[in-house]
Amino acid sequence: FKRIQFTPDLLPGDVTGLNIYNPKSGEFHFNPGPIFANVVLADEINRATPKTQSALLESMEETQTTTDGTTRALPAPFFVIATQNPIEYRGTYPLPEAQLDRFLIKILIDYPPPEAEREIVARWDAGFNSRHLEQIEILPLADVTAIQRCRMEVKQMRTEPGVQRYIVEIVHKTRNHPTILYGASPRASVALLLCSKALAAIRGRDFSTPDDVRDVALPVLRHRLALRAEAELDGATADAVIADIIKTVEVPR
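Residues numbered from 1 in each chain as written. Predicted model: local features only at pLDDT ≥ 70, side-chain atom pairs only at ≥ 80, totals over all residues. Heavy atoms only, no water.

**Remarks on the nonpolar core**
Selection criterion: Buried Ala, Val, Leu, Ile, Met, Phe, Trp, Tyr and Cys residues that are joined via side-chain atoms within 4.5 Å together make up what is termed a nonpolar core. Relative accessibility thresholds used throughout: buried, under 20% of the residue-type maximum; exposed, over 50%; partly exposed, between the two (1.4 Å probe, protein chains only). Contacts were defined at the residue level, with two residues in contact if any of their heavy atoms lie within 4.5 Å.
Of all hydrophobic cores here, the largest spans 25 residues; its most connected members are Ile170, Leu192, Val213, Val220 and Leu221. In this structure, isoleucine 170 is in contact with Val213, Leu221, Ile245, Ile246 and Val249, ignoring residues within four places of it in sequence. In terms of nonpolar packing, the next biggest core, distinct from the first, is built from 20 residues, Phe30, Ala42, Ile45 and Val80 among them.

**Here we look at the layout of surface pockets**
This is how the line gets drawn: Definitions used for this entry: grid spacing 1 Å over protein atoms alone; cavity, a set of points where a 1.4 Å probe fits but cannot get out; pocket, an open set with protein on both sides within 12 Å along at least 5 of 7 lines; lining residue, one with an atom within 4 Å of a point. Grid points are joined across faces, edges and corners, and a volume is the space filled by probe spheres set on the points. Residue polarity is assigned by list, with Asp, Glu, Lys and Arg as charged and Ala, Val, Leu, Ile, Met, Phe, Trp, Tyr, Cys and Pro as nonpolar; anything else, Gly included, falls into the polar class.
Considering only enclosed or pocket space, the second largest pocket measures out at about 370 Å³ in volume. Contributing to the lining of the second largest pocket are Phe1, Asn38, Val39, Pro77, Phe79, Pro140, Leu141, Val144, Ile147 and Arg151. Classifying every residue of the lining of the second largest pocket by side-chain character gives 8 nonpolar, 1 polar and 1 charged.

**Overview of unusual backbone geometry**
We count it as follows: Segments assigned H or I by DSSP are reported as helices when at least four residues long, segments assigned E as strands when at least two residues long, and all are numbered from the N terminus.
The residue after alanine 76, namely proline 77, is reached through a cis peptide bond having omega -5°. Unlike most non-glycine residues, glutamate 44 shows phi in positive territory, near 50°. Tracing the backbone shows glutamate 44 in the loop between β4 (39–43) and α2 (50–53). A relative accessible area of 21% places glutamate 44 in the partly exposed class. Positive phi values are uncommon outside glycine, yet aspartate 68 reaches one of about 50°.

**Points about the pairing of β4**
Note the threshold: In this analysis, strands are considered paired if DSSP registers two or more bridges between them.
Most of β4 is tucked away, with 4 of its 5 residues classed as buried. Pairing of strand β1 (residues 2–5) with β4, which is carried by 4 bridges, proceeds in the parallel orientation. Within β4, the position partnered with glutamine 5 by the bridge is aspartate 43. Pairing of β4 with strand β7 (residues 79–82), which is carried by 4 bridges, proceeds in the parallel orientation. By the bridge assignment, alanine 42 is partnered in β7 with alanine 82.

Put into structure tokens, the structure is as follows:
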């Protein structure tokens, strides 16, 4: 696990690694960056410049990185999770559309409900500190191949042709909706397929259904499309538009 705190002065080499000259040997030595990990947390990713953000493009798509013409494979499994602060805009940069499309899902975290916040206050009052996670007995995964086995099982799950067409039609309608400036890419269709299969596996089935597709549609699609300016001025949101699209697509039987 590696955490990268994204800041405006962060350079691409700080993410991917650098070739450093060794005066004793007279050779360059590659010093790997924090991208060489199984799980990479890009904290407040929108604080870095688009050039530095783009250092993740090759890594997230092809699980490899290229430095000074040399391509190096990243550890397997490889997973990137990023956070961004939606409130602060000063000192932040928008994420390139190509990079947004490489994120499988986007989860919106709102304020906790009052009862949950009271539990947070009570735990802190009792001495709990979220910076010391060892106190809540989170156990590390003993065998990393368990993740690979789960991924293989998900890939082998069945998706009927009708459900496949349902996925494609939902994504296709994002490209023709009057309030959407640009819709979701074919990568979104694949993500919708994979997430619906994973959700079906969590629910104890070996096949995905239209319900699984609908339940993952918002987190899979909300960051992959852009609304027209006039629609945003009228109060439209990506989630509302996606929900409207889903209502117009016929559910396979």
